[in-house]
Structures are given as C-alpha cells and as structure tokens.
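Remarks on the overall topology
The chain contents come next:
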Amino acid sequence: MTDRPAPSPLREIDDDAIGLAARLMRGAVHGALAVLEPGSGHPLASRTAVAVDETGAAIILISTLAAHAGALQADARCSLLLGEPGKGDPLAHPRVTLIGSARRLGRDGDESARARERFLASHPKSALYADFADFAFWKIEPERASLNGGFGRAWQLDRAAIARAAAG
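In short, a report on the structure. (Residues numbered from 1 in each chain as written. Predicted model: local features only at pLDDT ≥ 70, side-chain atom pairs only at ≥ 80, totals over all residues. Heavy atoms only, no water.)

Let us look at the environment of Glu37. By the secondary structure assignment, Glu37 is in the loop between strand E1 (30–36) and strand E2 (43–49). Relative accessible area serves as the criterion here: at 33%, Glu37 is assigned to the partly exposed category. Each C-alpha atom, one on Glu37 and one on Ala66, is 12 Å from the other, the two residues being 29 residues apart in sequence. Within the local environment of Glu37, its side chain forms a polar contact with the side chain of Ser40, the two groups lying 2.5 Å apart. (Helix = DSSP H or I, 4+ residues; strand = E, 2+ residues; numbered from the N terminus. Buried < 20%, exposed > 50% of the residue type's maximum accessible area, 1.4 Å probe, protein only. Polar contact = N/O pair within 3.5 Å; in protein donor to acceptor, adjacent residues only side chain to side chain.)

Applying the stated criterion across every chain yields a total of 3 aromatic pairs. Between Tyr129 and Phe135, the ring centres sit 5.0 Å apart and the planes meet at 45°, which makes this aromatic pair tilted. Judged by relative accessible area, which is 32%, Tyr129 ranks as partly exposed. The class of Phe135 is buried, set by a relative accessible area of 16%. Seen from their ring centres, Phe132 and Phe135 are 6.4 Å apart, and the 70° between their planes marks the pair as edge-to-face. (Phe/Tyr/Trp six-rings, centres within 6.5 Å; stacked < 30°, edge-to-face > 60°.)

Glancing now at the side chain of Ser112. Relative to the helices and strands, Ser112 resides in helix H3 (residues 110–122). Setting aside its immediate chain neighbours within four residues, Ser112 contacts Leu105, Gly106 and Arg107. (Contact = heavy atoms within 4.5 Å.)

Attention shifts here to a nonpolar patch on the surface. Together, Leu128, Tyr129 and Phe132 make up an exposed nonpolar region whose accessible area comes to about 330 Å². Given a relative accessible area of 45%, Phe132 falls into the partly exposed group. (Patch = residues over 30% accessible without salt bridge, like charges linked within 9 Å, V, L, I, M, F, W, Y side chains within 5 Å. Areas by Shrake-Rupley, 256 points an atom, 1.4 Å probe, with all protein chains shown as cover. Salt bridge = Lys/Arg side-chain N within 4 Å of Asp/Glu carboxyl O.)

Turning next to the nonpolar core. Grouped together as the largest cluster of nonpolar side chains are 35 residues, with contacts concentrated most on Met25, Leu82 and Leu147. With 7 residues, the top contributor of residues to this core is helix H1 (residues 15–27). For Leu147, the contacting residues outside a window of four places in its chain are Ala17, Leu20, Ala21, Leu24, Arg95, Val96, Arg153, Ala154, Trp155 and Leu157. The next biggest cluster of nonpolar side chains, apart from the first, holds 10 residues, and it includes Ile59, Leu61, Phe119 and Phe135. (Core = buried A, V, L, I, M, F, W, Y, C linked by side-chain atoms within 4.5 Å.)

The next thing to look at is the environment of Ala51. As for its placement among the helices and strands, Ala51 is situated in strand E3 (residues 51–52). Of the residues examined, Ala51 reaches a relative accessible area of 3% and is grouped as buried. Once residues lying within four places of it in the same chain are set aside, the contact partners of Ala51 are Ala57, Ala58, Ile59, Arg118, Phe119 and Ser122.

Taken together, the 6 bridges between strand E4 (residues 58–63) and strand E7 (residues 135–148) define a ladder with antiparallel strand orientation. Paired with Ser63 across the two strands is Phe135, which belongs to E7. As paired strands, E7 and strand E8 (residues 154–158) are joined by 5 bridges and run antiparallel to one another. In the strand pairing of E8, Arg144 is matched with Asp158. In textbook terms, the turn of a hairpin is the stretch between consecutive antiparallel strands, and for E7 and E8 this stretch comprises 5 residues, one of which, Gly150, has a positive phi near 115°. (Pairing = 2+ DSSP bridges.)

Right, let's talk about helix H2 (residues 67–74) for a bit. Along H2, the residues that are buried comprise His68, Ala69, Ala71 and Leu72. Down the axis of H2, the sector holding all buried residues measures 165°, keeping them to one side. With respect to the buried face of H2, the exposed residues turned more than 90 degrees away are Ala67, Gln73 and Ala74. Looking at the buried residues of H2, the elements they touch are E1, E2, E4, strand E5 (77–82), strand E6 (95–104) and E7. (Arc of directions from axis to C-beta.)

Without other data, these values stay purely geometric and don't point to any function.
Right, dumping it as structure tokens:
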C-alpha cells in the first residue's frame, strides 16, 4: 500500500474566484484586523473600518491610542478578514482574509491623499476625526489571500490575483 498525499482542498483560481474576491473587497466597510501583541506575541483581533483601493490594498484609520496601532508599529505583519455572515450557518457565507504587512502613511503626498479620499468616500463621518493628531491612515499591502466561498469552495490568491480582483 502506498501513501498518497491527500488531494488539496484548494480550487484553481478562476473567474468565479476573482469575481467573489472582488465583491467581498469592494463591498467591505469593516473587517476583523488581526495583529501580534507586542511582548506576548499573542494574536490580537479588533474590528476596524476599511476601504480597499484599486490595487487590493486595505486602508484603515487608526488612533495611536488603539492597541493595534502599537502592535503594527512593533510588527507590521497582520491579516484582515472581510465578509459578512448572513442568516443561518456563518461558515456557509463567503469571506476573504488578506494577509500581509501594514505601513503608516504620512500626512502629505499623493498616496496619502488618495488613501484619505478612498477611505472617507466609504466612511464620511470619519472626517470628523481623521485629521486629529493621534489618527493616521495605514495601508495593508496583501501578499496573499485566503478566499472561502462557503463549504467546499476555497482558493489561495496570490498578489496578482488580488490585484486582478481589485481592478476588475
């Protein structure tokens, strides 16, 4: 008897996967941000408002008072879960986890202006505090993504597939 490796549960990336990722990223207004807690290294998850730009990068607005701000400054690695469960079993609903690194954007320059505009278009009430000294926009640049379309529908997206979904 020969031991055969188990078949991969991951599907080949196709137009359906790209379309699903696009809908999840474009429709996201908040997500669950996971960071590594400084000192302990334990995972720390927090809900955050989000806007995804045309490259697939996620833009978030964080106060320096938030625990996840210090965590990202200490270790930029993070993930962001997007997708809303509906009625019934939450695991039957699609979701995508962007996995990458975050960086704080400065207050000046074209990139910051575009990020601010994109974020405030989705979250206009944030304009009330977006310019407070303790707030800053951060950009999460995904290296890969785990896309789950519900039971039996899973894909691993690389950077190119994420960009394709964001652009299309």
